[in-house]
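Each chain is listed here by its residues.
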Amino acid sequence: MTTSHHPIAVVGGGLGGLTLARVLHVNGIEAAVFDLDASPAARTQGGMLDIHDDSGQSALRAAGLYEEFRALVNPGGEATRVLDKAGTVLLDEPDDGTSGRPEVDRGRLRDLLLGSLPEGTVRWGAKATGARPLDGGRHEVTLADGTSFTTDLLIGADGAWSRVRTLLSDAKPAYTGISFVEVDLPDADLRHPVSAEVVGGGMMMALGAGKGFLAHRETDGSLHIYVALAVPEHEFAGVDFTDAEAAKAYTLGHFADWDKSLRALLGDADGPLVPRHIHALPIGHRWERVPGVTLLGDAAHLMSPFAGVGANLAMLDGAELGLALAAHPGDTEAALTAYEEKLFPRGEESAADSAANGVLMFRDDAPQGMLDMFAGHA
């Protein structure tokens, strides 16, 4: 077994971990990032993100990347539509550029962060399989290839099923009662014009009791669709999602009385159907201070996506942790204490909002709950 040592080690190269590494870098602090993917292009990075002015954008300013981020914004991407199951448009808000939550492609944002780091910062193909405490607040992390490393400060940015979290907490994510089936409609204006018109220029939500279609127009002209279903956790176990037609038939069976223009968002999809169960950590998840280790992003406060804040919080966590470490040179524990004092209430509030929105979106009178929420914001 080969063992190396790093003063600061970040497990997980998602948006939160990369933001932390970048903020540390601009403050003259080196960090090593370990990511399980074999390369930056090993898998697609998901759909569009709305980057909030009070969280994600603040993080990008701290990272010195705000202007570069603005160049990635999808014009018109903040447009929002809400439909009922008959396909009736009940809310149609254009993007007038005033909401402060511009849309960007997650993959392009990740590339921006990766490109801002010194070469070799991210160690690819480094899947963490375990972690254990050593003396003096140090930790050892073992990797799937049989190697390991030690570190003075271990940061878990390793997502929902974090290996690092076990050092701090016994909490485990639980199923929220909602599952997604993800599909894509590429080159939608030419190949799927009806669907392109239904979705519009930004985000579309077609909602009913316990189900719905959530869609985004992406920068490449494709439509990314999340088919949401309130189903038992193990229901998908009987569906062969490698058989696209069988999976479509199963999923469309939940929408037999929905308008054909909405059913086409799934029925006309190209490529595989990807099932995803939505999990969340307990609202208010926190831990006692443990020397030499902390968490950020989903590892700290995994929540449902129904408040649209997960990526924003991960980036803000990374930026605030980096700034706290820079502000307390030589006193890591003071930095972690200051960071976690803000992390815990912020995560609790957002997790509660996400859970409440999940109930509101799919309640029996849907989409009325969403319409009421937008009216209240207006």
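Above this text you will find the structure in question.
The shown structure was predicted, so the numbers you read here are calculated from the model rather than taken from an experiment. Here the residue numbers are simple positions, counted from 1 along each chain's written sequence. Under the rules for a predicted model, residues below a pLDDT of 70 receive no local features and side-chain atom pairs below 80 are neither given nor counted, while totals for whole chains, interfaces and linings still include all residues. Side-chain figures throughout are based on the complete set of non-hydrogen atoms in the structure, without hydrogens or water.

Draft legend 1. Structural context of the overall build of the chain. Helices and strands together make up the secondary structure of the chain, namely 12 helices and 16 strands. Radius of gyration: C-alpha atoms only; globule rule: 2.2 Å multiplied by the number of residues to the exponent 0.38. The globule rule puts the C-alpha radius of gyration for 378 residues at 21 Å, and the 21 Å found for the chain is close to it. Over its C-alpha atoms, taken along the principal directions, the chain stretches across nearly 60 × 45 × 35 Å. Type-normalised accessible area, obtained with a 1.4 Å probe on protein chains alone, sets the label of each residue: buried when under 20%, exposed when over 50%, and partly exposed for intermediate values. The buried share of the chain, reckoned over its 378 residues, is 53%. The method behind every accessible area is Shrake-Rupley, applied with a 1.4 Å probe, and residues are considered shielded solely by the protein chains displayed. Taken as a whole, the chain presents about 16200 Å² of accessible surface, with 52% of it coming from carbon and sulfur. Both charge centroids of the chain, one from 29 positive and one from 54 negative side chains, sit 2 Å from each other. Where helices and strands are cited, they refer to DSSP runs of H or I of at least four residues and of E of at least two residues respectively, numbered from the N terminus. Only four residue types enter the charge count: Lys and Arg as positive, Asp and Glu as negative, with His and the chain ends excluded. Note that the charge is assigned to NZ on lysines, CZ on arginines, CG on aspartates and CD on glutamates.

Draft legend 2. Structural context of the layout of surface pockets. Buriedness for pockets is judged along seven lines, at least five of which must meet protein on both sides within 12 Å for an open set on the 1 Å grid over protein atoms alone, while cavities are sets there where a 1.4 Å probe fits but cannot get out, and lining residues have an atom within 4 Å of a point. Grid points are joined across faces, edges and corners, and a volume is the space filled by probe spheres set on the points. Roughly 270 Å³ of internal volume is contained in the second largest pocket. Lining the second largest pocket are 17 residues, and of these T176, I178, A355, G358 and V359 lie nearest its centre. Ranked by the residues each element gives to the lining of the second largest pocket, the list is headed by helix 11 (residues 332-361), at 5 residues. The class makeup of the residues in the lining of the second largest pocket is 11 nonpolar, 5 polar and 1 charged. When residues are grouped by polarity, Ala, Val, Leu, Ile, Met, Phe, Trp, Tyr, Cys and Pro land in nonpolar, Asp, Glu, Lys and Arg in charged, and all others, Gly among them, in polar.

Draft legend 3. Main features of the packing of helix 7 (residues 244-252) against helix 8 (residues 260-267). At their nearest, the axes of helix 7 and helix 8 sit 10 Å apart, and the two run at 150° to each other. Taken together, the axes of helix 7 and helix 8 are roughly antiparallel relative to one another. In the crossing of helix 7 with helix 8, the sense of the turn from one axis to the other is right-handed. From helix 7, K248, T251 and L252 reach across to helix 8, where they touch R263, L266 and G267. Split into classes, the residues belonging to the contact of helix 7 with helix 8 amount to 2 nonpolar, 2 polar and 2 charged. Only the stretch in contact is used when a helix axis is fitted, and all axes are lines through C-alpha atoms; the angle between N-to-C directions ranges over 0 to 180 degrees. Angles are sorted into four bins: roughly parallel if under 35 degrees, roughly antiparallel if over 145, roughly perpendicular if 65 to 115, and oblique for all others. When the near helix sits turned anticlockwise from the far one by under a right angle, the crossing is termed left-handed; a clockwise turn instead gives a right-handed crossing. In this description, contact between two residues means that some pair of their heavy atoms is separated by no more than 4.5 Å.

Draft legend 4. Up close: the side chain of S162. Its place among the elements puts S162 in the loop between strand 10 (148-156) and strand 11 (174-185). Exposure remark for S162: the relative accessible area of 5% places this residue in the buried category. Contacts described as polar in this section are N or O atom pairs within 3.5 Å, which, within protein, must combine one atom able to donate a hydrogen with one able to accept it, while residues neighboring in sequence count only if both atoms come from side chains. Here the side chain of S162 touches V164 through a polar contact of 3.2 Å, landing on its backbone nitrogen. When near neighbours in sequence (up to four residues on either side) are disregarded, S162 contacts L295 and A299.

Draft legend 5. Representation of the environment of G137 within the structure. Position of G137 among the secondary structure elements: in the loop between strand 8 (128-133) and strand 9 (139-143). Classification of G137 by relative accessible area gives buried; the value is 17%. In this structure, the C-alpha to C-alpha distance between G137 and L154, residues 17 residues apart in sequence, is 9.3 Å. The residues contacting G137, other than those within four sequence positions of it, are D152, P291 and G292.

Draft legend 6. Focus on the environment of G297. Relative to the helices and strands, G297 is located in the loop between strand 16 (293-295) and helix 9 (298-301). When the C-alpha positions of G297 and H254 are compared, they lie 33 Å apart, and in sequence the two are 43 residues distant. Apart from residues no more than four positions distant in its own chain, G297 is found in contact with L302, A314 and D317.

Draft legend 7. Region of the structure containing the sheet that holds strand 11. Being paired, for any two strands, means DSSP has found at least two bridges between them. Strand order in this open sheet of 7 strands is 5-4-12-13-14-11-15, and the pairing throughout is mixed. Each having just a single partner strand, strand 5 (89-93) and strand 15 (270-280) make up the two edges of the open sheet. Adjacent strand axes in the sheet meet at a mean angle of 15° when their direction is disregarded. Here 6 bridges tie strand 12 (residues 203-208) to strand 13 (residues 211-217), and the two strands are oriented antiparallel to one another. Paired with L207 across the bridge in strand 13 is G212. In the packing of helix 7 onto the sheet, the strands contacted are strand 11, strand 14 (223-229) and strand 15, and the crossing angle to strand 15 comes to about 50°. Strands in contact with helix 8 are strand 4 (80-83), strand 11, strand 12, strand 13, strand 14 and strand 15; relative to strand 13, the strand with the most contacts, it is inclined by about 70°.

Draft legend 8. Broad picture of the pattern of salt bridges. Should a side-chain nitrogen of Lys or Arg be within 4 Å of a carboxyl oxygen of Asp or Glu, the pair is scored as a salt bridge. Applying the stated rule across the entire model yields 17 salt bridges. Here D92 and R81 are joined by a salt bridge, their closest N and O atoms 3.4 Å apart. Here D92 is found in strand 5, whereas its partner R81 is found in strand 4, with 11 residues between them in sequence. You can call D92 partly exposed: its relative accessible area is 47%. By relative accessible area, which is 15% here, R81 ends up buried. With a shortest N-O distance of 4.0 Å, R81 and E197 are connected by a salt bridge. On the criterion of sequence distance, the pair formed by R81 in strand 4 and E197 in helix 6 (residues 193-199) is long-range, its members being 116 residues apart. The exposed category is assigned to E197, whose relative accessible area is 55%. In this structure, a network of salt bridges that share partners links the residues R81, D92 and E197.

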